[in-house]
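Working through the structure, step by step
In case you want the letters, here they are:
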Amino acid sequence: MLNIKNVSIKVANKEILHDLNLKINEGEIHVLMGPNGIGKSSICKTIMKAPGYEVTSGTITYNNQNLQELTTDTIAKLGIMFIMQNPTAVEGVTNAELLRTALSTKNNEHVDIFKFNKEMENICQKINLPKSFIHRNVNEGMSGGERKKNELLHVWMLKPQLLLLDEIDSGLDIDALKVVANSLKEYHDLYNPSIILVTHNPQLLEILKPNYIHIINDKKIAKTGGPELINEIISQGFKTNVMGEKDHHE
């Protein structure tokens, strides 16, 4: 589904990733780990064509379409969704207004208001979010945990097939983390999306059960393994025994 091939990325004229390779098949969950500032979030931002992230070499394709040739809104319409570590607040636009417009644009058809409202209410109940949030401005005045649940509301309504999750556990207490993780697991079980997950949280990984964990070091993927790799990271850290491995998953 997603093929990042020999990609180098610059931010503010500084190369942060060099000759990086990553292949993700349909339904796979891939975790990106590594020290802070190593470039994990930059991969997600580059896929979505965030301003300031320049691909200097290589290609990023999604279902054989070159994402570098597309605009951010077109990439989103393909079924790719990015949840940032600190989701942006949008003043003057409610969740209902944004999602209704997004669904109408994505599906190129009129949205049935009754079905739309009923689905939103059911999802709010599922993720333990007050129904009043349906008519709240997007992420405005919300705590960190509320913002992450609010973004989950968008996931369930828009049904993306590639999810980019940048430290979705950030700002969550234990109870909220379980709600978010279990909701993502349920979404994955129902719709089989591919997921790129940036996190260092073992509890989140225990629930989501990723297919692959990648450690980023020296501007590329230095080591790839299964879920068992998390135990090695916890006991040894990132600096030990991460070099000399394959730098991509085939």
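Let me sum up the structure you'll find in this document. None of these values were measured; they are calculated from a predicted model.

Moving on, we get to the nonpolar core. Grouped together as the largest cluster of nonpolar side chains are 45 residues, with contacts concentrated most on Leu153 and Leu197. Those residues in contact with Leu153 that lie beyond four places of it in its chain are Asn95, Leu99, Met120, Ile123, Cys124, Ile127 and Leu129. Formed by 28 residues, the second largest nonpolar core is a distinct cluster that contains Ile9, Ile16, Ile24 and Leu70.

With that out of the way, let us pick up empty space enclosed by the protein. In this structure the tally under the stated criterion is two cavities of 30 Å³ or more. Its volume calculated, the largest cavity comes out at about 40 Å³. Every residue along the wall of the largest cavity is listed here: Ile4, Val7, Ile9, Leu17, Leu20, Ile43, Thr46 and Ile60. Residue assignment for the lining of the largest cavity shows that the elements contributing at least two residues are β1 (2-11), β2 (14-24) and α1 (40-47). With three residues, β1 is the single largest residue contributor to the lining of the largest cavity. One number sums up the size of the second largest cavity: a volume of about 30 Å³. Residue lining of the second largest cavity: Thr46, Ile47, Lys49, Val55, Ile60, Leu67 and Gln68, and that is the complete set.

Conventions and cut-offs
- Residues numbered from 1 in each chain as written.
- Predicted model: local features only at pLDDT ≥ 70, side-chain atom pairs only at ≥ 80, totals over all residues.
- Heavy atoms only, no water.
- Core = buried A, V, L, I, M, F, W, Y, C linked by side-chain atoms within 4.5 Å.
- Buried < 20%, exposed > 50% of the residue type's maximum accessible area, 1.4 Å probe, protein only.
- Contact = heavy atoms within 4.5 Å.
- 1 Å grid on protein atoms, 1.4 Å probe; cavity = no way out; pocket = protein on both sides within 12 Å on 5 of 7 lines; lining within 4 Å.
- Points joined across faces, edges and corners; volume = space filled by probe spheres on them.
- Helix = DSSP H or I, 4+ residues; strand = E, 2+ residues; numbered from the N terminus.

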